[in-house]
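Residue strings, one per chain:
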Amino acid sequence: MSGGASASKLSLAAEFPAPTEEQWRSAVAGVLAKSGADFDSLVTQTLDGPIQPLYTAEDVAALPPTGLPGQAPFVRGATAEGSAAAGWDVRQHHCDPDAKSMNAAVLDDLANGATSVWLRLGPDRLDPAELAVALDGVYLDLAPVVLDAGAMTVEATDALLSLAASRGVAPAELRGSLGADPIGDAARFGGQSDLAVLAELAEKVRDYPNLQIATVAATVVHLAGANDTQELAYATAVGVAYLRALTAAGLTVDEALDRIEFRFAVTDSQFASIAKLRAARLLWARVSELSGSSLERGQRQHAVTSGAMLTQRDPWVNMLRSTIAAFAAAIGGAEAITVLPFDSAVGLPDDFARRIARNTQSILHDESSLARVIDAGGGSWYIESLTQHLAAAAWEQFTAIERVGGAAVSLAAGAFATDVETTRAARQEEVAQRSMPITGVSEFALITEDELTRRPVTAREATGDFTPHRYSEDFEALRDRADAFLASTGSRPKLFLAALGPASVHTARLGFATNLYQAAGIDVVIGTGTPDEIVSSFTASGTSVATLCSSDRFYATEAAAAGSSLKAAGAKYLGLAGQPGDRVESDRSAGIDGYIYAGVDVLNALSTTLDLLGVER
């Protein structure tokens, strides 16, 4: 650019004609035709509905305006400055039942990047009576404290207020949240939700303007398997219930709104997570408007990297998942973000895992400068469309909950829990078929990995309708079976892969089969060469289960002979890597007992294979 040129006059695409959507579709159709696919094959089906391969300005032209950051309906941010002024709140989670150990971890976190702490207290965790020990050396007027004490929220609140008073901390200087979530507690642990506790807490902290009273933990239904729409509907319904309870206790609408915080899960599905946070603010802005609020800020949001997506196997990959999720939380406008340590699914996180969790946020905030741009996804036709779609679908479910009497009544009836379980079952089917792959578990498993050990986490048993689950737990159960077999016999269960023909013919399906069987902790023995050499390798392998790997063309001429030879050599089960197609009858006569291919129920196939290999359930 010349010295006198103006950036406002620079048009990088000025010399190129503007393409039309029809031209784009025509070009894409030409490419797809080469593989026999059509345009519909590019549509991604999700548990919240379809995602189109292309979004244009026309998709958002009819959508309602999103306003500016800090202005209703707060889609673009709860406050005008977003995180640009002071950054988002780096909130570290602590659930160590030992007060001294928790204190050491809290001090370490606050000295190395964390700006607030989220403490799990209660019968299954740290006793609230030991809160003073856990917070020894913590400046309560500088570091917000967020409590999560379940049925012991009142006791934890008393302990926190007493500690602050003993240290001379003025009520206005004490910041954080009491974390009361009676509906969420009932949803997970059963029983009736007692909203009267909110009135009791409101009276206790009437003179503490910077302490939130209630936390709407939408993570409860997320961990139970809810999709984003269900999570948003649940959060809005529970938020309305808490709003009513707090106003009934004497708070104004604006005061009550300012005392409620929402906790959402963010996953490695980054665009969906970004849109979910934006949609949540839109929904809550509508509730605020209908409630007659004049509050000039949006929903208070705390985003937590999903515990459901964390794996026990190959847990190091969790660092990558959490980085994407934290990125989505920042772009989505969350005011507080918690990155769960990568070993959280294994046990109590160690110092290294907590350090990585902190530094993940430091890199995103400081090195990547994500806080310097407010609503970086705003204006994206895809994100704007997805935001509005989620909000509309969630509002419909929310109003259905309201029509039957509100969150507590609806959840007690059980219909919502049934819907969530249906969603979870659909997701687990995708996991079982590997259309939702889990790296390191259902895909690219490292069966020789060293087991990661951590101090066990004590947890109260979930006896309510919303039991937490992780996406990977079904596949990890297969690995547990194989590991138990290894421990009892001294060797892993083995399966023989017969690679028929030259490498150029069998490599693709050999790799597919190896990857598939290792997901169950099965050690594969590969046989190549002449038919006699393959049979000899099979005999030496010591296993009685084999799978043929080659191309369809090679199967047509060689599968029958290879199958008959392997069966004669002692194979009690013979699989084939590839679609059954129209050769099932000929394959059956050749001794083929089953098939593995992309789209098969991998979980069931692997469980059956372990049974055949004599691995106990």
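Residues numbered from 1 in each chain as written. Predicted model: local features only at pLDDT ≥ 70, side-chain atom pairs only at ≥ 80, totals over all residues. Heavy atoms only, no water.

Undergrad: With reference to specific residues and values, describe the overall build of the protein.
TA: Scanning the protein from terminus to terminus reveals 22 helices and 15 strands. In terms of overall size, the protein behaves like a compact globule, its C-alpha atoms giving a radius of gyration of 28 Å where 617 residues would be expected to give roughly 25 Å. Dimensions of the protein, computed from C-alpha atoms along their principal axes, come out at roughly 85 × 65 × 55 Å. Looking at the 617 residues of the protein, the share that counts as buried comes to 50%. Sequence-distant contacts in the protein: of pairs separated by 6 or more residues, those separated by 24 or more amount to 77%. When the accessible area of the protein is evaluated, it comes to approximately 27,000 Å², of which 54% is carbon and sulfur surface. Positive and negative charge centroids in the protein, built from 47 and 76 side chains respectively, lie 2 Å apart. (Helix = DSSP H or I, 4+ residues; strand = E, 2+ residues; numbered from the N terminus. Rg over C-alpha atoms; globule rule 2.2 N^0.38 Å. Buried < 20%, exposed > 50% of the residue type's maximum accessible area, 1.4 Å probe, protein only. Contact = heavy atoms within 4.5 Å. Areas by Shrake-Rupley, 256 points an atom, 1.4 Å probe, with all protein chains shown as cover. Lys, Arg positive; Asp, Glu negative; His and termini not counted. Charge placed at Lys NZ, Arg CZ, Asp CG, Glu CD.)

Undergrad: Describe the layout of surface pockets, naming the residues involved and giving the relevant values.
TA: Roughly 1,200 Å³ of internal volume is contained in the largest pocket. What lines the largest pocket is a set of 48 residues, among which R120, R125, R188, L223 and P468 lie closest to the centre. Looking at the lining of the largest pocket, the elements with two or more residues in it are β4 (116–120), β5 (145–148), α6 (182–189), β7 (211–217), α8 (219–223), β8 (260–266) and β9 (300–305). For the lining of the largest pocket, a count of residues per class yields 22 nonpolar, 16 polar and ten charged. (1 Å grid on protein atoms, 1.4 Å probe; cavity = no way out; pocket = protein on both sides within 12 Å on 5 of 7 lines; lining within 4 Å. Points joined across faces, edges and corners; volume = space filled by probe spheres on them. Nonpolar A, V, L, I, M, F, W, Y, C, P; charged D, E, K, R; others polar.)

Undergrad: How would you summarise the sheet that holds β8 if you had to cite specific residues and measurements?
TA: In sheet architecture, strand pairing relies on hydrogen bonds along the backbone and comes in two forms, parallel and antiparallel. Spatial strand order, β3-β4-β5-β6-β7-β8-β9-β10: eight strands in a closed barrel with parallel pairing. Neighbouring strand axes in the sheet, compared pairwise and without regard to direction, differ in orientation by 25° on average. Note: β5 against strand β6 (residues 176–180), two bridges, orientation parallel. Residue pairing for β6: V146 is matched across the bridge by S177. Strands β3 (89–94) and β4 of the sheet are contacted by helix α3 (residues 99–111), whose axis makes an angle of about 160° with β4. Against the sheet, helix α7 (residues 196–204) engages β6 and β7, with an angle of about 155° to β7. (Pairing = 2+ DSSP bridges. Axes fitted to C-alpha atoms, helices over the stretch in contact; angles between N-to-C directions.)

Undergrad: Kindly report on the packing of aromatic side chains, identifying the contributing residues and their values.
TA: Applying the stated criterion across every chain, the model contains eleven aromatic pairs. Look at W316 and F342: their rings are 5.0 Å apart centre to centre, the planes differ by 35°, and that puts the pair in the tilted class. In this pair, W316 sits in the loop between β9 and α12 (318–332) while F342 sits in the loop between β10 (336–338) and α13 (351–367), placing the two residues 26 residues apart along the sequence. The class for F342 is buried, based on a relative accessible area of 2%. Ring plane angle 45° and centroid distance 6.3 Å describe the contact between F416 and F466, whose orientation is recorded as tilted. Separated by 50 residues along the polypeptide, F416 in helix α16 (residues 415–432) and F466 in the loop between α16 and α17 (473–489) bring together distant segments of the chain. Across the pair, exposure class does not vary: F416 and F466 are buried alike. (Phe/Tyr/Trp six-rings, centres within 6.5 Å; stacked < 30°, edge-to-face > 60°.)

Purely geometric numbers; function is a separate question.
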